[in-house]
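Chain residues, written in single-letter form:
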Amino acid sequence: MRAIHATEPGGPEVLTVVDLPDPEPGPGQLVVEVAAAGVNFIDTYQRGGVYPMPFPHVPGAEGAGTVVAVGDGVTGVSAGDAVAWADAPGSYAERVVVEAGRAVPVPDGVSMDVAAALPLQGMTAHYLVASTFPVQAGQTVLVTAAAGGVGLLLTQLAVARGARVIGLVGSAEKESLARAAGAADVVRYTEMTDLATELPALVRGLTGGVGVDVAYDGVGKDTFDATLACVRRRGTLVLFGGASGQVPPFDLQRLNRAGSLFVTRPKLADHVVTRDELTWRAGELFEAVRSGGLDVRIGERFPLTEARAAHEALEGRATTGKVLLVP
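Reading the values: rules and limits
- Residues numbered from 1 in each chain as written.
- Predicted model: local features only at pLDDT ≥ 70, side-chain atom pairs only at ≥ 80, totals over all residues.
- Heavy atoms only, no water.
- Helix = DSSP H or I, 4+ residues; strand = E, 2+ residues; numbered from the N terminus.
- Rg over C-alpha atoms; globule rule 2.2 N^0.38 Å.
- Buried < 20%, exposed > 50% of the residue type's maximum accessible area, 1.4 Å probe, protein only.
- Areas by Shrake-Rupley, 256 points an atom, 1.4 Å probe, with all protein chains shown as cover.
- Lys, Arg positive; Asp, Glu negative; His and termini not counted.
- Charge placed at Lys NZ, Arg CZ, Asp CG, Glu CD.
- Pairing = 2+ DSSP bridges.
- Right-handed = clockwise from strand over helix to strand, strands pointing away.
- Polar contact = N/O pair within 3.5 Å; in protein donor to acceptor, adjacent residues only side chain to side chain.
- Phe/Tyr/Trp six-rings, centres within 6.5 Å; stacked < 30°, edge-to-face > 60°.
- Axes fitted to C-alpha atoms, helices over the stretch in contact; angles between N-to-C directions.
- Parallel < 35°, antiparallel > 145°, perpendicular 65-115°, else oblique.
- Left-handed = near helix turned anticlockwise from the far one by under 90°.
- Contact = heavy atoms within 4.5 Å.
- Nonpolar A, V, L, I, M, F, W, Y, C, P; charged D, E, K, R; others polar.
- 1 Å grid on protein atoms, 1.4 Å probe; cavity = no way out; pocket = protein on both sides within 12 Å on 5 of 7 lines; lining within 4 Å.
- Points joined across faces, edges and corners; volume = space filled by probe spheres on them.

S.K.: When you look at the overall build of the protein chain in this model, what are you seeing that I'm missing?
M.R.: Per the secondary structure count, the protein chain includes ten helices and 15 strands. Against the globule reference of 20 Å for 327 residues, the protein chain gives a C-alpha radius of gyration of 20 Å, in line with a compact fold. The principal-axis extent of the C-alpha atoms belonging to the protein chain is close to 60 × 40 × 35 Å. Scored against the burial criterion, the 327 residues of the protein chain give a buried share of 53%. Just so you have it, the protein chain exposes about 13500 Å², and 51% of that area is on carbon and sulfur atoms. The protein chain carries 26 positive and 36 negative side-chain charges, and their two centres are separated by 9 Å.

S.K.: How should the pairing of strand β8 (residues 140-143) be read in this particular structure?
M.R.: Regular strands place side chains that alternate from one sheet face to the opposite one. Side chains Thr 140 and Leu 142 project from β8 onto one buried face, and the interleaved Val 141 and Val 143 project onto a second face that is buried too. With four bridges connecting them, β8 and strand β9 (residues 164-169) associate as parallel partners. Pairing of Val 141 across the sheet is with Val 165, part of β9. Crossover connection from β8 via helix α4 (residues 149-160) to parallel β9: handedness right-handed. As paired strands, β8 and strand β11 (residues 212-217) are joined by three bridges and run parallel to one another. Counted as the bridge partner of Val 143 is Tyr 216 from β11.

S.K.: Would you mind showing me how to read the environment of Asp 194 here?
M.R.: Residue placement: Asp 194 occurs in the loop between β10 (185-188) and α6 (195-206). With 38 residues separating them along the chain, Asp 194 and Arg 232 place their C-alpha atoms 20 Å apart. There is a polar contact of 3.0 Å between the side chain of Asp 194 and the side chain of Thr 197.

S.K.: Explain the packing of aromatic side chains here, please?
M.R.: For any pair of aromatic rings, the description rests on two quantities: the centre-to-centre distance and the angle between the ring planes. Under the criterion given, the structure shown has three aromatic pairs. Judged by centre distance (5.4 Å) and plane angle (70 degrees), the ring pair of Tyr 45 and Tyr 51 falls under edge-to-face. Judged by its relative accessible area of 10%, Tyr 45 is buried. Owing to a relative accessible area of 28%, Tyr 51 belongs among the partly exposed residues under this scheme. Here the aromatic cluster, defined as three or more aromatic residues joined through ring pairs, consists of Phe 41, Tyr 45 and Tyr 51.

S.K.: Just to check I follow, could you spell out the packing of helix α3 (residues 119-132) against α4 for this structure?
M.R.: Two measures define how a pair of helices packs: the angle their axes make with one another and the distance between the axes. At their nearest, the axes of α3 and α4 sit 9 Å apart, and the two run at 40 degrees to each other. Classed by the angle they form, the pair α3 and α4 counts as oblique. Classified by chirality, the crossing of α4 by α3 is right-handed. Listed contacts from α4 to Gln 121, Gly 122, Thr 124, Ala 125, His 126, Leu 128 and Val 129 of α3 are Gly 149, Val 150, Leu 153, Leu 154, Leu 157 and Ala 158. Here the contact of α3 with α4 is built from residues that sort into eight nonpolar, five polar and no charged.

S.K.: So what exactly am I meant to see when it comes to empty space enclosed by the protein here?
M.R.: Any empty space left between atoms is shown by rolling a water-sized probe over those atoms. Within this structure, the stated rule accounts for two cavities of 30 Å³ or more. Counted as a void, the largest cavity has a volume near 80 Å³. Considering the residues around the largest cavity, the lining is formed by 13 residues, among which Val 104, Leu 118, Pro 119, Met 123 and Ala 282 are closest to the centre. Elements represented by at least two residues in the lining of the largest cavity include exactly β5 (82-85), α3 and α9 (275-291). At four residues, the largest contribution of residues to the lining of the largest cavity is made by α9. As a volume, the second largest cavity reaches approximately 50 Å³. Lining the second largest cavity we find Ala 117, Gln 121, Gly 149, Leu 152, Leu 153, Asp 295, Val 296, Arg 297, Gly 321 and Lys 322. Per element, the largest residue contribution to the lining of the second largest cavity is three residues, and it comes from α4.

S.K.: How should the environment of Val 165 be read in this particular structure?
M.R.: Looking at where Val 165 falls in the secondary structure, it is placed in strand β9. Taking C-alpha positions, Val 165 is 7.0 Å from Val 143, a pair spaced 22 residues apart along the chain. Residues in contact with Val 165, not counting those within four places in the same chain, are Val 141, Val 143, Thr 155, Ala 158, Val 159, Ala 183, Ala 184 and Asp 185.

As structure tokens, then:
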């Protein structure tokens, strides 16, 4: 089968196309023919060496496809079933091994592309609004990269809960997408000369001087100081990613001085620990898609062999919505 290797820590240029033996399922495992694999920032962190990984390795952990082989001890799943997953290492390939307990069934009426786009970013958006900071009607929410893969889903889920969303975007095109997702106010933060000063002033102007109840920041280093200053007294900043780089250590007394703030750095793995939690989050998302309550934007599809170009586009912030690799 064809697959992508990250040959050594580095930029997108370390991604190469290789031929590997077809995988075989072990006990409790599935082999799935990949219909589409999700491209996510965590893949770039692992490729770049930010997160320790063995090299060479096949990147990717998210996708959807059709089961072609079932290992010993697996029940409830058969060859020919459509499944999706968020945590199967090696998903940038034509076939991948998926732990049966981590695969979720794809219901009728949900396309393979959408099924591949939802697990990681969709369940991230779900835990952010349902668990990390349970959004309630009447609250005001700040979302960075509001036209990105997580941002568009997060905006829709927060609005569905009755929140007012202030979205941060980098262009006019992205502003239109964020508004279409339900953002009440959209700020082109890339046009600001002093983000840490101008953004909090603008956001507090939009909120009667109070600030937002929660800021969801997936950009990280470039926006952290500004989004922290947008949060109301006893409000929460949820740092769930670092698209611009990792936030350096900071003095916790800043939280005291800013009004007894809360800051948390969650990850998806801690919010899908059990099978029940995994199927609950995925099930709510798939049902929202089927009912028309959630629109999943596929921004770009790249052939598997063009994984390098997909990473370049993602890291260059040239994408909106979800980026997929298709065999």
